[in-house]
Amino acid sequence: MSERQAYKFCPVCGTQLVHMQRTGEVRPVCPNCDYTVYYDPKVAVVMRVIHDDAVLLVRRGVAPEKGNWALPAGFVNADEDPAHAAAREIREETGLLVNNVRLLDVFANPGDATADIMIAYGADVVGGQLAAADDALEAVFFTADDLPPTSFMTTKWLIERWLANHPS
């Protein structure tokens, strides 16, 4: 049973939910106050930062994939612009400041991530001091020749695209 299927009671009045047809789908509905539960997707951002012909990776300090290398990433907060979330995650995980944040791609249900939607951005480093922080154990720029094995399909795809456009 998924986490979403685990909701049994109305978040408004506490009455046990029933399942009924609402807005084109069977959804949890409160028979007492008529509240309909709509499950919002988890949205995260992933950031591919290239600087001096090297890509920024972090060694993850938390599950999933704790101890493995990946692009910096994190969840978008409620009412937060995803591009701002991407810049915030870079600052929090690596100490770097970025600008020129630009959309690279959007991935729906990438398969191995904890988010339903991953929004990928690129950016330019404009300041800060590279240092692992928050949930990163290490933060390192890797050249195409010294890339470590990475986790998460979005990291793999974004690095593959970078390498495909990288001069040999």
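Look a little higher up for the structure.
Since this is a predicted model, take the numbers as computed values, not measurements.

Draft legend 1. Inspection of the packing of aromatic side chains at higher detail. Throughout the structure, instances matching the rule amount to three aromatic pairs. Geometrically, the ring pair formed by Trp 69 and Phe 142 is edge-to-face, given 5.0 Å between the ring centres and 80° between the ring planes. Here Trp 69, found in strand S5 (residues 69–70), pairs with Phe 142, found in strand S9 (residues 136–142); they are 73 residues apart in sequence, far enough to count as distant.

Draft legend 2. Spotlight on the nonpolar core. Core analysis: the biggest nonpolar cluster contains 18 residues, and Val 45, Met 47, Val 49, Leu 56, Ile 90, Val 98 and Tyr 121 have the highest contact counts within it. Sorting the residues of this core by element identifies strand S3 (43–51), strand S4 (54–60), helix H1 (82–94), strand S7 (96–108), strand S8 (117–128) and S9 as the ones contributing at least two each. Looking at this core, the element that brings in the most residues is H1, giving five residues. Here Tyr 121 is in contact with Val 45, Val 46, Met 47, Arg 48, Pro 82, Ala 83, Ala 86, Val 101, Arg 102, Leu 103 and Leu 104, once residues within four sequence places are set aside. The next biggest cluster of nonpolar side chains, apart from the first, holds 14 residues, and it includes Val 46, Val 55, Leu 71 and Leu 158.

Draft legend 3. Quick look at H1. Taking 1.5 Å as the rise per residue, H1 with 13 residues should run 18 Å; its terminal C-alpha atoms sit 18 Å apart, in good agreement. Along H1, the positions that sit buried rather than exposed are Ala 83, Ala 85, Ala 86, Ala 87, Arg 88, Glu 89, Ile 90, Glu 93 and Thr 94. Lining the buried residues of H1 we find S3, S4, strand S6 (73–75), S7, S8 and S9. The N-terminus of H1 is capped by Asp 81, whose side-chain oxygen sits 2.7 Å from the backbone nitrogen of Ala 83.

Draft legend 4. Here's a closer look at unusual backbone geometry. Of note, the bond from Ala 63 into Pro 64 is cis; its omega dihedral lies within 30 degrees of zero at 0°. Here Pro 64 lies in the loop between S4 and S5. Notably, Thr 23 is not glycine yet its phi reads approximately 45°, a positive angle. By the element assignment, Thr 23 lies in the loop between strand S1 (18–22) and strand S2 (25–29). Under the relative-accessibility criterion, Thr 23 is labelled exposed at 57%. Although it is not a glycine, Phe 152 adopts a positive phi angle of roughly 75°.

Draft legend 5. Summary view of helix H2 (residues 153–164). Between its terminal C-alpha atoms H2 stretches 16 Å, which fits the 16 Å expected from 12 residues at 1.5 Å a residue. Burial in H2 covers these residues: Thr 154, Thr 155, Leu 158, Ile 159 and Trp 162. Mapping the buried residues of H2 onto a view down its axis gives an arc of 125°, with all of them on the same face. In H2, the exposed residues that point more than 90 degrees away from the buried face are Glu 160 and Ala 164.

Draft legend 6. Looking closely at the pattern of salt bridges. With the rule as written, the count across this model stands at eight salt bridges. Residue Arg 22 is joined to Asp 34 by a salt bridge in which the shortest nitrogen-to-oxygen separation is 2.5 Å. On the criterion of sequence distance, the pair formed by Arg 22 in strand S1 and Asp 34 in the loop between S2 and S3 is long-range, its members being 12 residues apart. Residue classification places Asp 34 among the partly exposed residues on the basis of a relative accessible area of 46%. With a shortest N-O distance of 3.7 Å, Glu 25 and Arg 27 are connected by a salt bridge. Sharing partners across several salt bridges, the network here consists of Glu 80, Arg 88, Glu 89 and Glu 92.

Draft legend 7. Spatial organisation of the side chain of Arg 48. Mapped onto the secondary structure, Arg 48 falls in strand S3. No salt bridge is formed by the buried Arg 48; the nearest opposite charge belongs to Asp 105, separated by 8.9 Å. Within polar-contact distance, the side chain of Arg 48 engages the backbone oxygen of Leu 158 at 2.8 Å.

How each quantity is defined
Residues numbered from 1 in each chain as written. Predicted model: local features only at pLDDT ≥ 70, side-chain atom pairs only at ≥ 80, totals over all residues. Heavy atoms only, no water. Phe/Tyr/Trp six-rings, centres within 6.5 Å; stacked < 30°, edge-to-face > 60°. Helix = DSSP H or I, 4+ residues; strand = E, 2+ residues; numbered from the N terminus. Core = buried A, V, L, I, M, F, W, Y, C linked by side-chain atoms within 4.5 Å. Buried < 20%, exposed > 50% of the residue type's maximum accessible area, 1.4 Å probe, protein only. Contact = heavy atoms within 4.5 Å. Expected span 1.5 Å × (residues − 1). Polar contact = N/O pair within 3.5 Å; in protein donor to acceptor, adjacent residues only side chain to side chain. Arc of directions from axis to C-beta. Salt bridge = Lys/Arg side-chain N within 4 Å of Asp/Glu carboxyl O. Lys, Arg positive; Asp, Glu negative; His and termini not counted.

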